[in-house]
Amino acid sequence: MFTIIMETISTWAIPLVVALVCFWAILKKVPVYSVFTEGAKEGFSTAVMIIPYLTAMLCAIGMFRASGAMDWLSAILEPVTSLIGCPSEVIPQAIMRSFSGGASEGMMADLCATFGTQSKIGRIASVAQGSTETTFYIVAVYMGSVGVSKTRHAVAAGLLGDVASLLAAIFIVNIMWY
(Lines give C-alpha, C1' and ligand atoms only; values in the text may rest on other atoms or scores of the structure.)
Protein backbone atom coordinates (compact mmCIF):
# COMPACT_ATOMS: atom_id res chain seq x y z
CA MET A 1 0.00 0.00 0.00
CA PHE A 2 2.82 2.42 0.90
CA THR A 3 4.51 1.72 -2.44
CA ILE A 4 1.31 2.50 -4.36
CA ILE A 5 0.86 5.78 -2.50
CA MET A 6 4.49 6.82 -3.12
CA GLU A 7 4.24 5.90 -6.82
CA THR A 8 1.08 7.98 -7.17
CA ILE A 9 2.67 10.97 -5.43
CA SER A 10 5.85 10.72 -7.51
CA THR A 11 3.85 10.46 -10.72
CA TRP A 12 1.77 13.57 -10.07
CA ALA A 13 4.07 15.80 -7.98
CA ILE A 14 5.98 17.58 -10.75
CA PRO A 15 3.04 18.10 -13.15
CA LEU A 16 0.94 19.49 -10.30
CA VAL A 17 3.69 21.86 -9.16
CA VAL A 18 4.22 23.13 -12.74
CA ALA A 19 0.49 23.60 -13.22
CA LEU A 20 0.17 25.36 -9.86
CA VAL A 21 3.04 27.75 -10.67
CA CYS A 22 1.56 28.57 -14.09
CA PHE A 23 -1.91 29.06 -12.61
CA TRP A 24 -0.53 31.34 -9.87
CA ALA A 25 1.44 33.35 -12.43
CA ILE A 26 -1.67 33.81 -14.55
CA LEU A 27 -3.62 34.97 -11.50
CA LYS A 28 -0.88 37.49 -10.73
CA LYS A 29 -0.89 38.62 -14.41
CA VAL A 30 2.73 37.59 -14.96
CA PRO A 31 3.65 37.17 -18.65
CA VAL A 32 4.64 33.51 -18.22
CA TYR A 33 6.18 32.91 -21.65
CA SER A 34 8.31 36.06 -21.75
CA VAL A 35 9.51 35.51 -18.17
CA PHE A 36 10.34 31.90 -19.05
CA THR A 37 12.32 32.86 -22.17
CA GLU A 38 14.19 35.58 -20.25
CA GLY A 39 15.17 33.01 -17.62
CA ALA A 40 16.28 30.59 -20.33
CA LYS A 41 18.44 33.34 -21.86
CA GLU A 42 20.08 33.98 -18.48
CA GLY A 43 20.58 30.24 -18.02
CA PHE A 44 22.41 30.00 -21.34
CA SER A 45 24.82 32.81 -20.44
CA THR A 46 25.45 31.17 -17.05
CA ALA A 47 26.17 27.85 -18.78
CA VAL A 48 28.76 29.49 -21.05
CA MET A 49 30.36 31.19 -18.03
CA ILE A 50 30.80 27.93 -16.06
CA ILE A 51 32.33 25.81 -18.85
CA PRO A 52 35.98 26.30 -17.72
CA TYR A 53 35.12 25.33 -14.14
CA LEU A 54 33.09 22.37 -15.31
CA THR A 55 35.96 21.13 -17.49
CA ALA A 56 38.40 21.35 -14.57
CA MET A 57 36.01 19.50 -12.26
CA LEU A 58 35.37 16.69 -14.74
CA CYS A 59 39.11 16.28 -15.29
CA ALA A 60 39.72 16.05 -11.52
CA ILE A 61 36.97 13.44 -11.15
CA GLY A 62 38.47 11.36 -13.93
CA MET A 63 41.90 11.44 -12.30
CA PHE A 64 40.43 10.51 -8.90
CA ARG A 65 38.65 7.46 -10.28
CA ALA A 66 41.47 6.37 -12.61
CA SER A 67 44.09 6.59 -9.85
CA GLY A 68 42.37 3.93 -7.75
CA ALA A 69 41.78 6.39 -4.90
CA MET A 70 38.05 5.61 -5.00
CA ASP A 71 38.63 1.89 -4.37
CA TRP A 72 41.20 2.62 -1.67
CA LEU A 73 38.87 5.00 0.16
CA SER A 74 35.98 2.54 -0.11
CA ALA A 75 38.08 -0.23 1.41
CA ILE A 76 39.07 1.99 4.33
CA LEU A 77 35.46 3.03 5.01
CA GLU A 78 33.91 -0.45 4.62
CA PRO A 79 34.28 -1.59 8.27
CA VAL A 80 32.53 1.55 9.50
CA THR A 81 29.71 1.44 6.96
CA SER A 82 28.97 -2.23 7.65
CA LEU A 83 28.35 -1.30 11.30
CA ILE A 84 25.61 1.14 10.32
CA GLY A 85 23.90 -1.17 7.83
CA CYS A 86 25.35 0.20 4.63
CA PRO A 87 26.61 -2.32 2.06
CA SER A 88 30.14 -1.59 0.87
CA GLU A 89 28.96 -1.56 -2.75
CA VAL A 90 27.20 1.78 -2.14
CA ILE A 91 30.32 3.58 -0.87
CA PRO A 92 31.81 4.55 -4.28
CA GLN A 93 28.49 6.04 -5.40
CA ALA A 94 28.12 7.90 -2.09
CA ILE A 95 31.62 9.35 -2.45
CA MET A 96 31.14 10.24 -6.11
CA ARG A 97 27.85 12.01 -5.34
CA SER A 98 29.78 14.85 -3.67
CA PHE A 99 31.73 15.35 -6.90
CA SER A 100 29.43 14.67 -9.83
CA GLY A 101 25.72 14.03 -10.15
CA GLY A 102 26.06 12.40 -13.56
CA ALA A 103 28.86 10.07 -12.51
CA SER A 104 27.05 9.04 -9.34
CA GLU A 105 23.84 8.51 -11.30
CA GLY A 106 25.72 6.18 -13.63
CA MET A 107 27.11 4.31 -10.63
CA MET A 108 23.61 4.07 -9.14
CA ALA A 109 22.23 2.70 -12.41
CA ASP A 110 25.01 0.11 -12.44
CA LEU A 111 24.23 -0.89 -8.83
CA CYS A 112 20.52 -1.21 -9.67
CA ALA A 113 21.28 -3.25 -12.79
CA THR A 114 23.65 -5.54 -10.87
CA PHE A 115 21.72 -6.00 -7.61
CA GLY A 116 18.18 -4.99 -8.59
CA THR A 117 16.10 -1.94 -7.83
CA GLN A 118 14.30 -3.69 -4.97
CA SER A 119 17.53 -4.79 -3.25
CA LYS A 120 18.93 -3.07 -0.19
CA ILE A 121 21.86 -1.82 -2.27
CA GLY A 122 19.57 -0.48 -5.02
CA ARG A 123 17.28 1.25 -2.56
CA ILE A 124 20.04 2.88 -0.52
CA ALA A 125 21.78 4.02 -3.71
CA SER A 126 18.53 5.47 -5.09
CA VAL A 127 17.53 7.28 -1.90
CA ALA A 128 21.07 8.63 -1.43
CA GLN A 129 21.15 9.81 -5.06
CA GLY A 130 18.02 11.84 -4.52
CA SER A 131 18.90 13.27 -1.14
CA THR A 132 22.52 14.39 -1.37
CA GLU A 133 24.17 17.22 -3.24
CA THR A 134 27.21 17.63 -5.47
CA THR A 135 29.21 19.67 -2.97
CA PHE A 136 32.53 19.93 -4.80
CA TYR A 137 30.81 20.52 -8.11
CA ILE A 138 28.88 23.46 -6.64
CA VAL A 139 32.00 24.90 -5.01
CA ALA A 140 34.17 24.49 -8.10
CA VAL A 141 31.69 25.49 -10.77
CA TYR A 142 29.15 27.87 -9.30
CA MET A 143 31.24 29.58 -6.65
CA GLY A 144 34.21 29.70 -9.00
CA SER A 145 32.16 31.29 -11.76
CA VAL A 146 31.04 34.16 -9.52
CA GLY A 147 34.46 34.67 -7.94
CA VAL A 148 33.92 33.24 -4.45
CA SER A 149 37.36 32.16 -3.26
CA LYS A 150 36.84 31.54 0.46
CA THR A 151 34.92 28.28 0.39
CA ARG A 152 36.23 26.57 3.55
CA HIS A 153 32.95 26.73 5.46
CA ALA A 154 30.85 25.97 2.39
CA VAL A 155 32.80 22.75 1.75
CA ALA A 156 32.55 21.68 5.39
CA ALA A 157 28.81 22.40 5.54
CA GLY A 158 28.20 20.68 2.21
CA LEU A 159 30.12 17.55 3.19
CA LEU A 160 28.35 17.44 6.55
CA GLY A 161 25.05 17.66 4.69
CA ASP A 162 26.15 14.87 2.33
CA VAL A 163 27.04 12.59 5.25
CA ALA A 164 23.77 13.41 7.05
CA SER A 165 21.79 12.67 3.89
CA LEU A 166 23.57 9.36 3.35
CA LEU A 167 23.00 8.35 6.97
CA ALA A 168 19.33 9.31 6.64
CA ALA A 169 19.04 7.26 3.43
CA ILE A 170 20.57 4.22 5.15
CA PHE A 171 18.35 4.68 8.22
CA ILE A 172 15.14 5.14 6.22
CA VAL A 173 15.80 2.19 3.90
CA ASN A 174 16.68 -0.06 6.84
CA ILE A 175 13.54 0.95 8.74
CA MET A 176 11.12 0.78 5.83
CA TRP A 177 12.30 -2.39 4.09
CA TYR A 178 14.71 -4.36 6.31
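Throughout, residues of each chain are indexed from 1 in the direction in which the sequence is written. For a predicted model such as this one, the threshold for reporting local features is a pLDDT of at least 70, and the threshold for listing and counting side-chain atom pairs is 80 or more; totals across whole chains, interfaces and linings nevertheless cover every residue. Excluding hydrogens and water, the side-chain figures rest on all heavy atoms present in the structure.

Student: So what exactly am I meant to see when it comes to the overall build of the protein chain here?
Tutor: Scanning the protein chain for helices and strands turns up 8 helices and 0 strands. The helix and strand labels rest on DSSP assignments: H or I over at least four residues marks a helix, E over at least two residues marks a strand, and numbering proceeds from the N terminus. For the protein chain, the sequential pattern of α-helices and β-strands runs α-α-α-α-α-α-α-α. Each principal axis of the C-alpha atoms in the protein chain carries an extent, and together these give about 55 × 50 × 30 Å. Exposure is judged per residue with a 1.4 Å probe applied to protein chains only, and the accessible area is read against the type maximum: over 50% gives exposed, under 20% gives buried, and values in between give partly exposed. Burial analysis of the protein chain (178 residues in total) assigns 30% to the buried set. Residue pairs at least 24 apart in sequence account for 67% of intrachain contacts in the protein chain once pairs closer than 6 positions are excluded. Put simply, the protein chain shows about 11,400 Å² of open surface, and 73% of that area lies on carbon and sulfur atoms. We count Lys and Arg on the positive side and Asp and Glu on the negative side, and we leave His and both chain ends out. We put the charge of a Lys on NZ, of an Arg on CZ, of an Asp on CG and of a Glu on CD. Within the protein chain, the 10 negative side-chain charges are centred at a point lying 11 Å from the centre of the 9 positive side-chain charges. In what follows, a contact means two residues having at least one pair of non-hydrogen atoms within 4.5 Å. Accessible areas in this description were obtained via Shrake-Rupley with a 1.4 Å probe; residue shielding takes into account the shown protein chains only.

Student: Quick question: what am I supposed to make of the layout of surface pockets here?
Tutor: Sizing a probe to match a water molecule and rolling it over the atoms shows the empty space that remains. Taken as a whole, the largest pocket holds about 390 Å³ of empty space. Mapped onto the lining of the largest pocket, the elements with two or more residues apiece are α3 (69-83), α4 (91-97) and α8 (152-177). If you tally residues by element for the lining of the largest pocket, the top one is α8, at 6 residues. When residues are grouped by polarity, Ala, Val, Leu, Ile, Met, Phe, Trp, Tyr, Cys and Pro land in nonpolar, Asp, Glu, Lys and Arg in charged, and all others, Gly among them, in polar. Class assignment of the residues belonging to the lining of the largest pocket gives a composition of 15 nonpolar, 4 polar and 2 charged. With a 1 Å grid spanning the protein atoms alone, the term cavity applies to any set of points in which a 1.4 Å probe fits but cannot get out, the term pocket to an open set with protein on both sides within 12 Å along at least five of seven lines, and the term lining residue to any residue with an atom within 4 Å of a point. Grid points are joined across faces, edges and corners, and a volume is the space filled by probe spheres set on the points. Of the volumes computed, that of the second largest pocket is approximately 290 Å³. Broken down by secondary-structure element, the contributors of at least two residues to the lining of the second largest pocket are α1 (2-27), α6 (120-131) and α8. For the lining of the second largest pocket, the class distribution of residues is 5 nonpolar, 5 polar and 2 charged.

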